[in-house]
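Structural features, examined
Residue-level listing of the chains:
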Amino acid sequence: AQSVSQHNHHVILSEAASLELGCNYSYGGTVNLFWYVQYPGQHLQLLLKYFSGDPLVKGIKGFEAEFIKSKFSFNLRKPSVQWSDTAEYFCAVNPEAISGGYNKLIFGAGTRLAVHP
Amino acid sequence: GAVVSQHPSWVICKSGTSVKIECRSLDFQATTMFWYRQFPKQSLMLMATSNEGSKATYEQGVEKDKFLINHASLTLSTLTVTSAHPEDSSFYICSVRDRGSPGNTIYFGEGSWLTVV
């Protein structure tokens, strides 16, 4: 079945460590790609998105993600994490990226990141 | 400030009763809204796409007679869980697509916790 896979369910890092969260999808054709973050007790917020162009996307709070089409991947990275990055991170794919159409997001299972001082 | 508002944030209802959750787009008109459900420690699962002035489009496996969706205006969509059962207890989230924004940004509501006892 077509899906969005996030490889790491739980990640624990020390502050200043580098972060990479994996995301793979199995949809063919044109896709739009997103990373969302959900801080404890808060609603989903968009970190970054890829629609076209430069496959290396810069987002908020120092996050970036690289779209590798041949690998069907959109991994999230941050060079140096902070305690405030503790949250759950969701990768999402829009497999129906038709110009003028609506965006239906399919989410991965999420990765819980805990950063300790 | 919030772009999408959900009400109520928390609701407890008795088994067999119905409960309505509202999703309001505060800053723009939305012809399309999306309803998601998130079980504990799981990802968001798209339930249905709410279309203003027409019938909602349900995802496979979602009972349309149980989860009634009404998108009566360009700023309001409602999800009614009919004859609720304990297994319907979940976190329900709506999202709204802003067609007027670059890249058709999607905004999420704060979510509504439903507990059926």
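To start, this report covers the structure provided alongside it. Only a predicted model underlies this, so the values are computations on that prediction, with no experimental measurement involved. (Residues numbered from 1 in each chain as written. Chains lettered and ligands numbered in written order. Predicted model: local features only at pLDDT ≥ 70, side-chain atom pairs only at ≥ 80, totals over all residues. Heavy atoms only, no water.)

1. Notes on the overall build of chain B
Each helix and strand in chain B was counted, giving zero helices and eleven strands. Scanning chain B from its N terminus toward the C terminus, one meets helices and strands in the order β-β-β-β-β-β-β-β-β-β-β. By its C-alpha atoms, chain B is 40 × 30 × 20 Å across when sized along the principal axes. In chain B, which comprises 117 residues, the share counted as buried stands at 52%. Look at the contacts in chain B between residues 6 or more apart in sequence, and 53% of them connect residues 24 or more apart. Carbon and sulfur atoms make up 52% of the accessible area of chain B, which totals about 5700 Å². If you average the places of the 10 positive and of the 10 negative side-chain charges in chain B, the two averages end up 3 Å apart. (Helix = DSSP H or I, 4+ residues; strand = E, 2+ residues; numbered from the N terminus. Buried < 20%, exposed > 50% of the residue type's maximum accessible area, 1.4 Å probe, protein only. Contact = heavy atoms within 4.5 Å. Areas by Shrake-Rupley, 256 points an atom, 1.4 Å probe, with all protein chains shown as cover. Lys, Arg positive; Asp, Glu negative; His and termini not counted. Charge placed at Lys NZ, Arg CZ, Asp CG, Glu CD.)

2. Quick look at the sheet that holds strand S8 (residues 76-81) of chain B
The strands making up a sheet are joined through hydrogen bonds of the backbone, oriented either antiparallel or parallel. Residue and element names in this part refer to chain B. Taken together, four strands build an open sheet; the order of strands is S1-S3-S8-S7 and the sheet is antiparallel. Only two strands of the sheet have a single partner each, and these edge strands are strand S1 (4-7) and strand S7 (67-73). Pairwise comparison of adjacent strand axes, ignoring direction, gives a mean angle of 15° for this sheet. Strand direction decides the pairing type here: S7 and S8, joined by five bridges, are antiparallel. Counted as the bridge partner of Phe 67 is Val 81 from S8. (Pairing = 2+ DSSP bridges. Axes fitted to C-alpha atoms, helices over the stretch in contact; angles between N-to-C directions.)

3. Section: the environment of B:Ser83
All names here are of chain B. Summarising the element assignment, Ser 83 is placed in the loop between S8 and strand S9 (90-97). By relative accessible area, Ser 83 is classed as partly exposed at 34%. Taking the C-alpha atoms as reference points, Ser 83 and Lys 66, separated by 17 residues in sequence, lie 7.2 Å from one another. When near neighbours in sequence (up to four residues on either side) are disregarded, Ser 83 contacts Gly 16, Thr 17, Ser 18, Lys 66 and Asp 88.

4. Side note on the interface of chain B and chain A
The figure often quoted for interface size is the accessible area lost as the parts come together. Counting residues at the interface gives 22 residues for chain B and 17 residues for chain A. Summed over both sides, the interface of chain B with chain A buries roughly 1600 Å², with 56% coming from carbon and sulfur. Considering only the side of chain B, the residues that lose the most area to chain A are B:Ser43, B:Ile106 and B:Phe108, jointly responsible for 29% of the buried surface there. Here chain B and chain A share zero salt bridges between them. Between the two partners, chain B and chain A, sit one residue pair in polar contact (both at pLDDT 80 or more). Those elements giving two or more residues to the side of chain B that touches chain A turn out to be strand S4 (32-38), strand S5 (44-51), S9 and strand S10 (106-108) of chain B. The greatest single-element share of the side of chain B that touches chain A, amounting to four residues, is contributed by S4(B). (Buried area = accessible area lost by both parts, 1.4 Å probe. Salt bridge = Lys/Arg side-chain N within 4 Å of Asp/Glu carboxyl O. Polar contact = N/O pair within 3.5 Å; in protein donor to acceptor, adjacent residues only side chain to side chain.)

5. Looking at the packing of aromatic side chains
The final tally for this structure, using the stated rule, is 15 aromatic pairs over all chains. Centroid distance A:Tyr36 to A:Phe107: 5.8 Å. Interplanar angle 50°. Geometry classified as tilted. Of this pair, A:Tyr36 sits in strand S5 (residues 32-38) while A:Phe107 sits in strand S11 (residues 106-107), and the two are 71 residues apart along the sequence. Look at A:Tyr36 and you get buried, because its relative accessible area is 1%. Site record: aromatic cluster; members linked through ring pairs are A:Phe34, A:Tyr36, A:Phe51, A:Phe90, A:Phe107, B:Tyr36 and B:Phe108. (Phe/Tyr/Trp six-rings, centres within 6.5 Å; stacked < 30°, edge-to-face > 60°.)

6. Re unusual backbone geometry
Of the consecutive residues B:His7 and B:Pro8, the connecting peptide bond is found in the cis state with omega at 0°. Within the secondary structure layout, B:Pro8 lies in the loop between S1 and strand S2 (10-13). Residue A:Lys61 is not a glycine yet carries a positive backbone phi of 60°. With respect to the element layout, A:Lys61 can be found in the loop between strand S7 (56-58) and strand S8 (64-68). Given a relative accessible area of 45%, A:Lys61 falls into the partly exposed group.

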